[in-house]
Amino acid sequence: MTPSDNPAPGFDRDGVRRRYAQERAKRMTPSRGVIHDLRREEAFAGYLKDPFTPFIERKPVRDEVDVAIVGAGLAAVVVGAKLRQAGVRRIRLIDKAGGIGGTWYWNRYPGVMCDVESYIYMPMLEEMNYIPTTKYAPGDEIRRHLESIAIKYGLVKDTLFHTGVEESRWVEAGQRWIVRTDRGDEVRARRLIMATGILNLMKLPAIPGMEHFQGRAFHTARWDYEYTGGGPNDPHLAKLTDKVVGVIGAGASAIQAVPPLGESAKHVYVFQRTPSAISERGNRPTDADFSKHLHPGWQKERMENFSAAMLGLPVKRDLVDDGWTKYQARLIPPSGPEMTPEEIAARVEQSDYGVMEEHRKRIEAIVADPRVAEGLKPYYRYFCKRPCFHDEYLPAFNNPKVTLVDCPAGVEQITPRGAVANGVEYPLDCIVYATGFEAEITRFARRAGHPIIGRGGITIEEKWKDGMISLHGLTTRGFPNLFIMPAPSQQSVTTVNYTHLTVIGADHIAATIAKLDELGIAVFDVSEAAERAWTEAIVNCFRDTRDFMAACTPSRLNYEGHPEAANPRNGSYGGGRGDVFGYQELLAKWRRDDFPGWEIVKGERLDPRD
Ligand code: NDP
C-alpha cells in the first residue's frame, strides 16, 4: 500500500477518538473487574460443580511415575501423547474434570464451537488420521477428538479424574516431585509438567444480590442441560419453552449461546456491557476433496501459515483465509522509507476505522430495528478486545423473543426475581453467566491453583510475585525437573491458535525428556545467569502497547482499562505477540547444544521404557 491510498474515506480522526473515549468512559466503572473467587467463597462453590459426569468414590492412589502432568485438557493430552511417542511409559495425569478435554470438557453450552479453524486447531490430525467435519468444529467434536487421542496413547487409564491437586512439592531426598491431591493421592514423579490451561478459571462477576436469586443460575462453562433440556448435540432446549432467560455477557461464549437460546426459550434478555466486534463466520462442511490434497506435514505447515499471516509475515498463499487473517492483513503497519512512525501509526488508525466501520455497517444490514442495531455497534479499535465471528448472533435480535439490554455499566444488581440494569428490573427464571474466564494475563500461579513448592520451600507464587523469571518461559530456577507448558504472557510466545503453541511446547518438552533419559540426566535446574538473561531479553523487546491499550475500551486485555498494570517481564520472546518461528529454532538449537543454561546432575542411566 502506498501512503496515498486511503483505506477509510470520511475518516475524522478527532471525532472518532472522541466517540471511542466517550464509550470507554461509560464502561470504566470501579466495580467492572470485581469477581467472586469460586475456590474460596463457599456460597458460590456450587457454580464449580461438574454437571456432566457423576463423581465416583475411589481409594487414594500411591504412585511412582516418570512424568506427572497436572491437567487433562488439550495441552496435557498433546504433551502426554508426544511423551508416549518418545517412549515414556509411566505417566500420570490429574484433573478436576470428570473426563478428558479441559476447556472442551467444561464448555458444552449450546452452540459452542471453536473460533479458530478446525484444521489447525484440532491437534494431531495426521497422527489420528482424522479430518474435522466442518471448517469450525463444534465443541463436542473437539472434546471427542481429544478423548480419542488420549485413548490411542493410553492416557485415559492413567488419569485421575475429579481430582484436584493440592500441592506439588520438590523433595530433594529421592529427587522427586510429590503431588498430593484432594483425594488423598500421593504421586511421586521424576518430572512434572504443568498443563493447567488458560481458560480454566471461570469469571463470575460479583454483582450484589446474586446469592439471593430464586431461579436457576449457572455459568456457560457448567451448562445445566437437566434444567434447559437439549444437549451438546441437540440445540433444542425443550425445557425452556416457558422460561425467561437472562444472558449476562456479550463475548465469545454469549454470541454462540444466544441464537439457540432464542430459538427455545420463552424470552431471552441479553445483558450487554460492551458489544463484541462480530464479522462473518462462513462455517461450512469440509470439502469431500479436502484430504486428497494433503501431504505429510500438512497440518504443521497450515498452522505455521496461519501464525505467519497473523504476525504480518509474507505468505505465498493464505491457506486459512478467514476473518482472522483478513482483518489482520488490513492492519499490518505499512512500510516505506518515506514514512515516519507517526504517519505509519496514523495510517493504521485509519485502516482500523475502516475495519470497525465494516463491522458496524454489517450490524445495520442485518438487524432490523435501528435502535437495537445502534446498541450492538462496537466503538473501539479492532484488537482492543478479542474479535468474534458469527453468522447467527446478530440475526437473533430480529427474533421478537430476544431483547438487547444495553447496559455499559453492567448489571447493577441481582434480585430474588431477576436482574437490574439501567435501574430496571427484568424478571427472570434463569440466569446464564456468559462472563468468561481469567485468561492469559492472570498470573500462572493463580491459574495453576495450588502451591508449587521448589527448593528451600519457595513457591512459584513467591518467586514470580514481581513478574516471571524463567528460561524460555518453560523452566525456572529452584524448581528442578519442572516444565510449564507455554502460554501467553509467560515469556514464550503468544498465538491466536493456542494449539500451535501447545504443539511447539509439547514437541519440545517430549524431545527434551527423551534426550535427558538418553544422556542419563537425573536432575536439571536452570542457572541463575540463564534465567536472568532470558528475562532481560524479554524485557528488552517488550513492545509497549500501553498507549494503544489506554485508549481502548476496558477489557481483560488491558487489565480492565488499566494497561499500566502490564509487566514487561511477562512479555513474549521477540516482543508483541512474539516470534513463533525464531522461538522454535532457538529451542531446537538449545536441545542440540545439550541444554546450555541448565545445571545438570547425572544419575544412573534411567530408561523409562523399563
Ligand atoms: P469474554 O471475557 O469474552 O466475555 C465476557 C462477557 O461478560 C463480556 O461481554 C463482559 O463484558 C461480560 N461481563 C462481565 N461481567 C459483567 C457484568 N457484571 N455485567 C455485564 N456483563 C458482564 O468471555 P467469553 O467466555 O465469551 O470468552 C473468553 C475467551 O474464551 C475468549 O476471548 C476466547 O479466547 C475464548 N473463547 C473461545 C471460543 C472459541 O470459539 N474458540 C468460544 C468462547 C470463548 P465486557 O466486554 O464489558 O467486559
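Conventions adopted
Residues numbered from 1 in each chain as written. Predicted model: local features only at pLDDT ≥ 70, side-chain atom pairs only at ≥ 80, totals over all residues. Heavy atoms only, no water. Pairing = 2+ DSSP bridges. Helix = DSSP H or I, 4+ residues; strand = E, 2+ residues; numbered from the N terminus. Axes fitted to C-alpha atoms, helices over the stretch in contact; angles between N-to-C directions. Contact = heavy atoms within 4.5 Å. Buried < 20%, exposed > 50% of the residue type's maximum accessible area, 1.4 Å probe, protein only. Near = heavy atom within 4 Å. Areas by Shrake-Rupley, 256 points an atom, 1.4 Å probe, with all protein chains shown as cover. Nonpolar A, V, L, I, M, F, W, Y, C, P; charged D, E, K, R; others polar. Domains from an automatic or database assignment. Expected span 1.5 Å × (residues − 1). Disulfide = S-S within 2.5 Å. 1 Å grid on protein atoms, 1.4 Å probe; cavity = no way out; pocket = protein on both sides within 12 Å on 5 of 7 lines; lining within 4 Å. Points joined across faces, edges and corners; volume = space filled by probe spheres on them. Polar contact = N/O pair within 3.5 Å; in protein donor to acceptor, adjacent residues only side chain to side chain. Salt bridge = Lys/Arg side-chain N within 4 Å of Asp/Glu carboxyl O.

**Re the sheet that holds strand β18 (residues 430–433)**
Taken in spatial order, the five strands of this open sheet run β9-β18-β10-β11-β14, and their pairing is parallel. What marks the edges here is a single partner per strand, and that holds for β9 (216–219) and β14 (402–406). Each adjacent strand pair in this sheet contributes to an overall mean axis angle of 20°, direction not counted. With four bridges connecting them, β9 and β18 associate as parallel partners. Following the sheet pairing, R216 is matched in β18 by C430. Packing against the sheet, helix α8 (residues 252–264) makes contact with β10 (244–248), β11 (267–272) and β14, and its axis sits at approximately 170° to β10.

**What to know about the sheet that holds strand β15 (residues 413–414)**
Read across the sheet, three strands follow the order β15-β16-β17 without closing on themselves; strand pairing throughout is antiparallel. Strand pairing shows two members of the sheet lacking a second neighbour, β15 and β17 (424–427), which therefore form its edges.

**Let's talk about unusual backbone geometry**
In this structure, N129 is a non-glycine residue whose phi angle is positive, near 50°. Here N129 shows up in the loop between α5 (125–128) and α6 (139–152). With a phi close to 50°, E560 is a non-glycine residue in the positive phi region. Relative to the helices and strands, E560 is located in the loop between α18 (546–550) and α19 (580–592). Judged by its relative accessible area of 17%, E560 is buried.

**As for the site of the ligand**
Around the ligand, a shell composed of 26 residues is seen, among which M113, D115, S253, T274 and K385 lie nearest. For the ligand, the protein covers 90% of the area, taking 900 Å² as the surface of the free molecule. Looking at the shell around the ligand element by element, the count peaks at three residues for α8. A per-class count over the shell around the ligand returns twelve nonpolar, eight polar and six charged. For the shell around the ligand, the two domains that each supply at least three residues are domain 1 (62–198 + 441–525 + 587–602) and domain 2 (202–276 + 385–433).

**Details of helix α2 (residues 74–85)**
A rise of 1.5 Å per residue sets the reference length of α2, with its twelve residues, at 16 Å; its end C-alpha atoms lie 17 Å apart and thus fit the reference within 8%. Most of α2 is tucked away, with eleven of its twelve residues classed as buried. Among the residues making up α2, those that are buried are L74, A75, A76, V77, V78, V79, G80, A81, K82, L83 and R84. G87 occupies a position one or two residues after α2 and carries a positive phi of about 100°.

**Focus on the state of the cysteines**
Under the counting rule described, the total for this entry stands at one disulfide. The residue that forms a disulfide with C384 is C552, at a sulfur-sulfur distance of 2.0 Å. Disulfide C384-C552: torsion about the S-S bond near -75°, hence left-handed. With a gap of 168 residues between them, C384 in the loop between α12 (370–375) and β13 (388–389) and C552 in the loop between α18 and α19 connect regions that are remote in the sequence. Classification of C384 by relative accessible area gives buried; the value is 1%. The class of C552 is buried, set by a relative accessible area of 1%. Its sulfur unpaired, C388 is 12 Å from the next cysteine sulfur, which belongs to C114. Of the residues examined, C388 reaches a relative accessible area of 4% and is grouped as buried.

**Regarding α6**
Its 14 residues give α6 an end-to-end C-alpha distance of 20 Å, which sits within 8% of 20 Å, the value for a rise of 1.5 Å per residue. Residues of α6 that are buried: G139, D140, E141, I142, R143, H145, L146, I149 and A150. Two residues or fewer past α6, G154 is found with a positive phi of approximately 65°.

**What to know about the layout of surface pockets**
By volume, the second largest pocket is sized at about 510 Å³. What lines the second largest pocket is a set of 19 residues, among which F290, L294, R302, R317 and L319 lie closest to the centre. The element best represented in the lining of the second largest pocket is helix α9 (residues 298–310), accounting for three residues. The class makeup of the residues in the lining of the second largest pocket is seven nonpolar, three polar and nine charged.

**Re the side chain of S307**
Tracing the sequence through the fold places S307 in helix α9. Taking relative accessible area as the criterion, S307 reaches 3% and is therefore assigned buried. Within the local environment of S307, its side chain forms a polar contact with the side chain of H500, the two groups lying 2.7 Å apart. Excluding residues within four positions of it along the chain, S307 makes contact with T495, H500 and F581.

**Considerations on the pattern of salt bridges**
Two side chains of opposite charge can pair, provided their charged atoms sit close to one another. The final tally for this structure, using the stated rule, is 52 salt bridges. Linking R362 and D391 is a salt bridge whose minimum nitrogen-to-oxygen distance equals 3.1 Å. Placement of the pair is R362 in helix α11 (residues 341–366) and D391 in the loop between β13 and α13 (393–396), with a sequence separation of 29 residues. R362 gets classed as buried once you look at its relative accessible area, which sits at 19%. The salt bridge involving D466 is made with K465; its shortest N-O contact spans 4.0 Å. Each member of the salt-bridge network shares a partner with another, and the members are R19, E23, K26, R27, E364, E374 and K377.

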